[in-house]
Amino acid sequence: MNESIAYLGLLADEEIELDSAALMLSALDHDGIDVEPYLELLRGIGKAIDAERSGARDDELQTGEAQGALLARVIGTQFGFAGDSESYDAPLNADMVRVLDRRLGLPVSLSILYVAAARRAGWRSHALNTPGHVLVSIGPEDAPAIIDPFRRGALVQAEQLSELLTRAAISGPQAQSAVEPMSNRMTLVRLLLNQATRAEDAGDTWRACTIYERMTVVAPEHDVGWWALARLQLVHGEVEAARASLCAMLEISRDPERRRYVAAALSQLSGQSQA
């Protein structure tokens, strides 16, 4: 089934449409599903944004705050998308099909909707690498606003962002990297990590292994995905598969220390096989 998402690993990062890509990943867990109604919903969000824009003067939508407020009115209020605070850790909150069905989700899944919609409107927008709670930047590069899709697109004030970083024990130089834009590919990786982590926490290592396999298809140069996949393959006794995953990681990793670590793991596996 991973063949249906193989194209994502071949696309240049800027060619990835976040919401439709997340939907195709989700479709893998819904055998035989017709994704067209969901794509039509995404198009409907775009049409509603265009309708809102048509009633505003051009100069009224030049700031990130104004653009974010329009997205909040359409996605958060008109379409009713919000964060699922009551069953936050439920796996369906990272499953785009179920997010679109229920209009509820995690910060990362909802951020994907906002970023994709903003870009279709011609606005600059990114999911941010904020710890534990993905936020969205929107607006001109020199003065973007930050909004929280989990709270129906509410504007995030500087003190609120500072509080979030403080709770995550992040300060100094680390604070800057914590609010850096994520690439499209890494945004999808973060979505998949949410799914894999929840599966492992529930003791379903086979499900987690499946998710990590998808991660290596979507982001083949993300070596952490290969490492996690090899780890679970060993848990399942799939030594040859684990060796293949580690070899793939060795091919893409350029970090000398990490390469030594992987080489040592491969050597240990070879020793076990010979024994």
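See the structure printed just above.
The rules behind these values
Residues numbered from 1 in each chain as written. Predicted model: local features only at pLDDT ≥ 70, side-chain atom pairs only at ≥ 80, totals over all residues. Heavy atoms only, no water. Helix = DSSP H or I, 4+ residues; strand = E, 2+ residues; numbered from the N terminus. Expected span 1.5 Å × (residues − 1). Buried < 20%, exposed > 50% of the residue type's maximum accessible area, 1.4 Å probe, protein only. Pairing = 2+ DSSP bridges. Phe/Tyr/Trp six-rings, centres within 6.5 Å; stacked < 30°, edge-to-face > 60°.

A. View of helix H9 (residues 184–201). Its 18 residues give H9 an end-to-end C-alpha distance of 26 Å, which sits within 8% of 26 Å, the value for a rise of 1.5 Å per residue. Within H9, 13 of the 18 residues are buried, which leaves the element mostly enclosed by the surrounding structure. Looking one or two places after H9, you find glycine 203, whose phi comes out positive at around 85 degrees.

B. Focus on the pairing of strand E5 (residues 145–148). Taking every second residue as pointing to the same face, both faces of E5 are buried, with Ala145 and Ile147 on one and Ile146 and Asp148 on the other. Across three bridges, the pairing between strand E4 (residues 136–138) and E5 is antiparallel. Note that in E5 the partner of valine 136 across the bridge is isoleucine 147. Hairpin geometry of E4 and E5 is characterised by an intervening segment of six residues between the two adjacent antiparallel strands and by a positive phi of about 115 degrees at glycine 139. Note that E5 and strand E6 (residues 154–155) share two bridges and pair antiparallel. Looking across to E6, one finds that isoleucine 147 is bridged to leucine 155. The antiparallel hairpin formed by E5 and E6 contains five residues in its connecting segment, where arginine 152 sits at a positive phi of about 55 degrees.

C. A look at the packing of aromatic side chains. As enumerated under the stated definition, the model contains two aromatic pairs in all. With a centroid separation of 5.7 Å and an interplanar angle of 65 degrees, the aromatic rings of tyrosine 88 and phenylalanine 150 are classed as edge-to-face. Here phenylalanine 150 lies in the loop between E5 and E6 and tyrosine 88 lies in the loop between strand E1 (82–83) and helix H5 (96–102), a separation of 62 residues in the sequence. Judged by relative accessible area, tyrosine 88 falls into the partly exposed class, the value being 28%. A residue is classified by how much of its surface remains accessible, and phenylalanine 150, at 15% relative accessible area, is buried. Consider the rings of tryptophan 227 and tyrosine 261, whose centres lie 5.3 Å apart with planes at 45 degrees: the pair is tilted. Linking tryptophan 227 in helix H11 (residues 223–235) with tyrosine 261 in helix H13 (residues 256–274), this pair joins segments that are 34 residues apart in sequence. A relative accessible area of 29% means that tryptophan 227 is categorised as partly exposed.

The values are spatial; any link to function lies outside them.
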